[in-house]
Amino acid sequence: MNKKKVAIYCRLSEEDRNKACETDDSGSIQNQKAMLVEYAMEQGWDIYQIYSDDDYAGSDRNRPQFKKMLEEAEQRKFDIVLCKTQSRFTRELELVEKYIHGLFPVWGIRFISIVDHADTDNYGNKKSRQINGLVNEWYLEDMSRSIKSALDTRRKNGYHIGAFALYGYRKDPEQKGHLVVDEEAAAVVKEVFDLFEQGYGKTTIARMLNDRGIPNPTEYKRRKGLRYYQPQNPGSVLWKYFNIADMLENEMYIGNMVQGRCGSVSYKSKQNKPRPKDQWIRVEGTHEAIIGRDQWDRVQAIIARRTKPCYSGKVGLFAGKAVCQNCGYTMRSTRTKDRNYLTCPTRHFAKDACIGSFISVKKLEEAVAGELRKLADEYADSGGIASGISLDGGLASRKKALKDDIQAYRKKMDEYGKGLRELYLDKVKGLITEAMYIELSGDFQEEKERYGQLIAQAEESIRGLDDRIRHEEDRRSLVEKYLQFDHLERTDIEALVDHIVVGRKDPETKQVPVEIYWNF
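All values reported here derive from a predicted model rather than from experimental measurement.

Visitor: Is there a simple way to explain the overall build of the protein chain in this structure?
Guide: Scanning the protein chain from N- to C-terminus turns up 16 helices and 17 strands. Residue burial in the protein chain is summarised as follows: out of 520 residues, 37% are buried. Accessible surface, the protein chain as shown: approximately 30300 Å² in total, 48% of it carbon and sulfur.

Here it is, written out as structure tokens:
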């Protein structure tokens, strides 16, 4: 009879490292491994692999070894998952239910944790496993609240909490949570405020800094070996409009500590979302000011006078959707007399920064409407929709073929399973030798596992086809909706268009190249 294969999983989190006794089992990967290996050997199991995540929290779903173990569990590469405690596997009740009580039984995998005696082969302790999961869930929530409360207390006391200091400042090496002025960067901040007060626009200021080769905040910190936030467009050293705009409205430059602008969605997610301004934590006079209060007030008054709604009084038709083909930056709305245009802003920031894509909103609307009509003609006409024209490209028939394959694979697995049982009986009856049984049963078992893998692959393909079929149904709905339309609205663009790439006008044909990326 084949030995059971066991996957050992160990995890060490940061809170374990900070225990008073560093040799405590729960705080030591080595001790976890030794305990679990010894237990597996006592049970007579073969160790398939030891998966180990060092310095990862139990609520982290992106633990690399954890994800790898789950992938190989789905492939039925082992029979048992062995942990020291259930919390080493996960502290989330949702994952306990999804894997330990849900998918593991489907995959034929037994879960065991030694210390808290969890064992999915023992149905009687399922409630205790669920209670363990609930307690671990409470632990996560309480720890999150405790950490958040401690950080908010420090923020309210005026301490800087964050990995990066604002451009113009550095973290004080002598006092944790305190900022000191970075004279070189502070000189640029002062110049920006002076230029704006003198009447220069934000784009003009950005271009002036770029023409003189002054690196933007991210590039400056990189060159100085300081910690910095990695932008979405790495490698860009240019100042942009938003750099200047954010700087001119940041109270940190008058010595006020303003924090808590964003907060986490929940203790289970690392995703942050902006908070209302009245929820920001603001403490005055926590560090040396770079900008005087009088100048600050004058600049804010200028900003208030210059602030006005878009020319149309509403969000532009293609706002945030059109990007420059050359540099990839989002195009901005401009207006000349009674005509509206989209233009790449990068060409204003520095000489030779970009060739500068440019198109009228009317021309772009005509291009999008024309392409939409072509798609409607291509995928369906009104009669075709009524008669149920197929848009799925044969996806349903491919799904049926895969289901037929799975049925055939299961039949083969049953045959090899039956063959294994008959081989065992032949060995017991003395019809075949032990050596023959081991050789033949090994071949049978390999074939059975191979068909199991084929079934898993086919099922995964079916799930992918189901997603594509749903996608095609959504596309059908959109096609039906836009078979007839007079003109496009902003809501239509949001629903239909992911983004539009706009190029530079061809000097010969006078045509502006446009490439539309649809949401369907």
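Okay, back to it.
Visitor: Just checking my understanding: could you explain the packing of helix α7 (residues 183-197) against helix α8 (residues 202-211) for this structure?
Guide: Relative placement of two packed helices is described by the angle separating their axes and the distance separating the axes. Closest axis-to-axis distance for the α7/α8 pair is 10 Å, and the angle between their directions is 140 degrees. The pairing of α7 with α8 is recorded here as oblique in orientation. α8 is crossed by α7, and the crossing has right-handed handedness. Residues Val 188, Glu 191, Val 192, Leu 195 and Phe 196 of α7 lie in contact with α8, whose contacting residues are Lys 202, Ile 205, Met 208 and Leu 209. Across the contact of α7 with α8, the residue classes tally to 7 nonpolar, no polar and 2 charged.

Visitor: So what exactly am I meant to see when it comes to the nonpolar core here?
Guide: Among soluble globular proteins, nonpolar side chains are generally buried collectively. Tyr 167, Phe 193, Trp 239 and Tyr 253 are the most contacted members of the largest nonpolar core, which totals 32 residues. Of all the elements in the fold, those that place two or more residues in this core are β7 (179-181), α7, α8, α10 (241-248) and α11 (293-306). Looking at this core, the element that brings in the most residues is α7, giving 8 residues. Sequence-distant contacts of Phe 193, defined by excluding residues within four places in its chain, comprise Met 247, Leu 248, Tyr 253, Ile 291, Gln 295, Trp 296 and Val 299.

Visitor: Any chance you could explain the side chain of Thr 85 here in plain terms?
Guide: Relative to the elements of secondary structure, Thr 85 occurs in the loop between β3 (80-83) and α4 (86-89). Given a relative accessible area of 15%, Thr 85 falls into the buried group. A distance of 2.9 Å separates the side chain of Thr 85 from the side chain of Ser 87, its partner in a polar contact.

Visitor: Got a minute to help me understand the pattern of salt bridges in this structure?
Guide: A side chain with one charge can pair with a side chain of the opposite charge if their charged atoms come near. For the structure shown, the criterion picks out 19 salt bridges. A salt bridge links Glu 447 to Arg 450; its shortest N-O distance comes to 3.0 Å. Taken as a pair, Glu 447 and Arg 450 lie in helix α15 (residues 434-481) at a separation of 3 residues, close to a single helical turn. Residue classification places Glu 447 among the partly exposed positions, given a relative accessible area of 25%. For Arg 450, a relative accessible area of 37% puts it in the partly exposed group. A network of salt bridges, in which partner residues are shared, links Glu 74, Glu 460 and Arg 463.

Visitor: In this structure, what is going on with a negative patch on the surface? I would like to understand it.
Guide: On the surface, a cluster of negative charge is made up of Glu 439, Asp 443, Glu 446 and Glu 449. Following the sequence through the fold, Glu 446 ends up in helix α15.

Visitor: Looking at this structure, how should I read a positive patch on the surface?
Guide: Together, Arg 339, Lys 362, Lys 363, Lys 505 and Lys 510 make up a region of like positive charge exposed at the surface. The residue Lys 510 is located in the loop between β16 (497-502) and β17 (514-518) in this model. On the accessibility criterion, Lys 510 (53% relative accessible area) is exposed.

Visitor: Would you mind showing me how to read the packing of aromatic side chains here?
Guide: What characterises a pair of aromatic rings is the spacing of the ring centres plus the angle enclosed by the ring planes. Going through the model one piece at a time under the given rule, you end up with 19 aromatic pairs. Where Phe 193 meets Tyr 253, the ring centres are 6.4 Å apart and the plane angle is 70 degrees; that geometry is what we call edge-to-face. In this pair, Phe 193 is assigned in helix α7 and Tyr 253 in the loop between α10 and β8 (257-259), connecting sequence segments 60 residues apart. In this structure an aromatic cluster arises from ring pairing among Tyr 9, Phe 66, Phe 89, Tyr 99, Phe 104, Trp 107 and Phe 111. Across from the ring centre of Phe 66, 4.0 Å away, lies the NZ or CZ of Arg 63, which sits over that ring. Over the ring of Tyr 241 we find Arg 332; its NZ or CZ atom is 4.9 Å from the centre of that ring.

Visitor: Looking at this structure, how should I read the packing of α7 against α10?
Guide: For the pair α7 and α10, interaxial distance at closest approach is 10 Å and the crossing angle is 90 degrees. Looking at the two axes, α7 sits roughly perpendicular to α10. On α10, the residues that touch Val 189, Val 192, Phe 193 and Phe 196 of α7 are Ile 244, Met 247 and Leu 248. A breakdown of the residues in the contact of α7 with α10 according to their chemical character gives 7 nonpolar, no polar and no charged.

Visitor: Would you mind showing me how to read the sheet that holds β16 here?
Guide: Each strand in a sheet pairs with its neighbour through backbone hydrogen bonds, running either in the same direction (parallel) or in the opposite one (antiparallel). Spatially, β12-β16-β17 is the arrangement adopted by the 3 strands of the open sheet, whose pairing is mixed. The sheet is open, and its two borders are formed by β12 (322-324) and β17, each paired with just one other strand. Each strand of the sheet is rotated relative to its neighbour by a mean of 25 degrees, with strand direction disregarded. Of the pairings in the sheet, the one linking β16 to β17 comprises 5 bridges and is antiparallel in character. Within the sheet, the bridge partner assigned to Val 501 lies in β17 and is Glu 515.

Visitor: Mind showing me how you'd approach the environment of Asp 498 here?
Guide: Relative to the helices and strands, Asp 498 resides in strand β16. Apart from the residues lying within four places of it in its own chain, the contact partners of Asp 498 are Lys 321, Tyr 517, Trp 518 and Asn 519. There is a polar contact of 2.6 Å between the side chain of Asp 498 and the side chain of His 499.

Visitor: Is there a simple way to explain the confidence of the model for the protein chain in this structure?
Guide: Note that predicted coordinates carrying low pLDDT should not be read in detail. Across the protein chain, the average pLDDT comes to 78, with 77% of residues at 70 or higher. Segment residues 17-27: pLDDT under 50, and 20 contacts once partners within four positions in sequence are set aside and those in other chains are kept. Residue range residues 308-313 is modelled with pLDDT below 50. Its contacts to residues more than four positions away, or to other chains, number 3 contacts.

Rules used in this analysis
- Residues numbered from 1 in each chain as written.
- Predicted model: local features only at pLDDT ≥ 70, side-chain atom pairs only at ≥ 80, totals over all residues.
- Heavy atoms only, no water.
- Helix = DSSP H or I, 4+ residues; strand = E, 2+ residues; numbered from the N terminus.
- Buried < 20%, exposed > 50% of the residue type's maximum accessible area, 1.4 Å probe, protein only.
- Areas by Shrake-Rupley, 256 points an atom, 1.4 Å probe, with all protein chains shown as cover.
- Axes fitted to C-alpha atoms, helices over the stretch in contact; angles between N-to-C directions.
- Parallel < 35°, antiparallel > 145°, perpendicular 65-115°, else oblique.
- Left-handed = near helix turned anticlockwise from the far one by under 90°.
- Contact = heavy atoms within 4.5 Å.
- Nonpolar A, V, L, I, M, F, W, Y, C, P; charged D, E, K, R; others polar.
- Core = buried A, V, L, I, M, F, W, Y, C linked by side-chain atoms within 4.5 Å.
- Polar contact = N/O pair within 3.5 Å; in protein donor to acceptor, adjacent residues only side chain to side chain.
- Salt bridge = Lys/Arg side-chain N within 4 Å of Asp/Glu carboxyl O.
- Patch = residues over 30% accessible without salt bridge, like charges linked within 9 Å, V, L, I, M, F, W, Y side chains within 5 Å.
- Lys, Arg positive; Asp, Glu negative; His and termini not counted.
- Charge placed at Lys NZ, Arg CZ, Asp CG, Glu CD.
- Phe/Tyr/Trp six-rings, centres within 6.5 Å; stacked < 30°, edge-to-face > 60°.
- Lys NZ or Arg CZ within 6 Å of the ring centre and 35° of its normal.
- Pairing = 2+ DSSP bridges.
- pLDDT = per-residue confidence, 0-100.

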